[in-house]
Amino acid sequence: MASIITNTSAMTALKVLRQTETALGTTQERISTGLKVNSAKDDASTWAISQGIKSDVATFKTIGEGLTMASSALGTASKAATSIKDQITSIQQNIAKAQQPGADKAAIQQAIDASLSSIAGATGDASFNGTNLVKGTDQLKVLS
């Protein structure tokens, strides 16, 4: 009869070592990816939730970029509108001066012409991504 000598302590230690090695592999995978759940096989429900959250985060980033672009466009239009308003106020003041007796109407007309030229310049410069925001001749299409 052949006898096989088994060392139960060694077999138990080997089993524990294999379990530790498997756990270490899982931990190393989580550390390398930065994720607690790397795939559906780790934890299906948590993985599904994380995929939904990743999608939401990507959507929010895109919305944030869109809001930044809109803010920049509004800033451009606001700057042009403020400049035009200031020039119109200047024209109104010059018209009031022209109505007074003894006013130098030629100088006042030059000032009004300069203000009109400034308005034309501000209107022409109020472009954002190739679309003029003040003229009203370009069509701006925005998805909502």
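Refer to the structure printed above.
So, here's what we can say about the structure. Computed from a predicted model, the values in this text were never measured in an experiment. (Residues numbered from 1 in each chain as written. Predicted model: local features only at pLDDT ≥ 70, side-chain atom pairs only at ≥ 80, totals over all residues. Heavy atoms only, no water.)

### Section: the overall build of the chain
Counting its regular elements, the chain contains three helices and two strands. Mapped in sequence order, the helices and strands of the chain form the string α-α-α-β-β. Residues classed as buried in the chain amount to 12% of the 144 residues present. (Helix = DSSP H or I, 4+ residues; strand = E, 2+ residues; numbered from the N terminus. Buried < 20%, exposed > 50% of the residue type's maximum accessible area, 1.4 Å probe, protein only.)

### Observations regarding helix H3 (residues 105-125)
Here H3 contains 21 residues, and its C-alpha end-to-end distance of 30 Å stays within 8% of the 30 Å for a straight helix at 1.5 Å per residue. Lining the buried residues of H3 we find helix H2 (44-98) and strand S2 (131-132). (Expected span 1.5 Å × (residues − 1). Contact = heavy atoms within 4.5 Å.)

### Considering the packing of H2 against H3
Running from N to C, H2 and H3 point in directions that differ by 170°, and their axes come no closer than 9 Å. One element, H2, and the other, H3, form an angle in the roughly antiparallel class. By crossing handedness, the relation of H2 to H3 is classed as left-handed. Residue-level contacts link Ala80, Ser83, Ile84, Gln87, Ile88, Ser90, Ile91, Asn94, Ile95, Lys97 and Ala98 of H2 to Lys105, Ile108, Ala111, Ile112, Ser115, Leu116, Ser118, Ile119, Ala122 and Thr123 of H3. Grouping the constituent residues of the contact of H2 with H3 by class yields twelve nonpolar, seven polar and two charged. (Axes fitted to C-alpha atoms, helices over the stretch in contact; angles between N-to-C directions. Parallel < 35°, antiparallel > 145°, perpendicular 65-115°, else oblique. Left-handed = near helix turned anticlockwise from the far one by under 90°. Nonpolar A, V, L, I, M, F, W, Y, C, P; charged D, E, K, R; others polar.)

### Points about the pattern of salt bridges
Where charged atoms from two side chains of opposite charge come close, those side chains can pair. For the coordinates displayed, the defined rule picks out one salt bridge. Salt-bridge contacts for Lys85 lead to Asp86; the nearest nitrogen and oxygen are separated by 3.4 Å. Given a relative accessible area of 48%, Lys85 falls into the partly exposed group. Judged by relative accessible area, Asp86 falls into the partly exposed class, the value being 40%. (Salt bridge = Lys/Arg side-chain N within 4 Å of Asp/Glu carboxyl O.)

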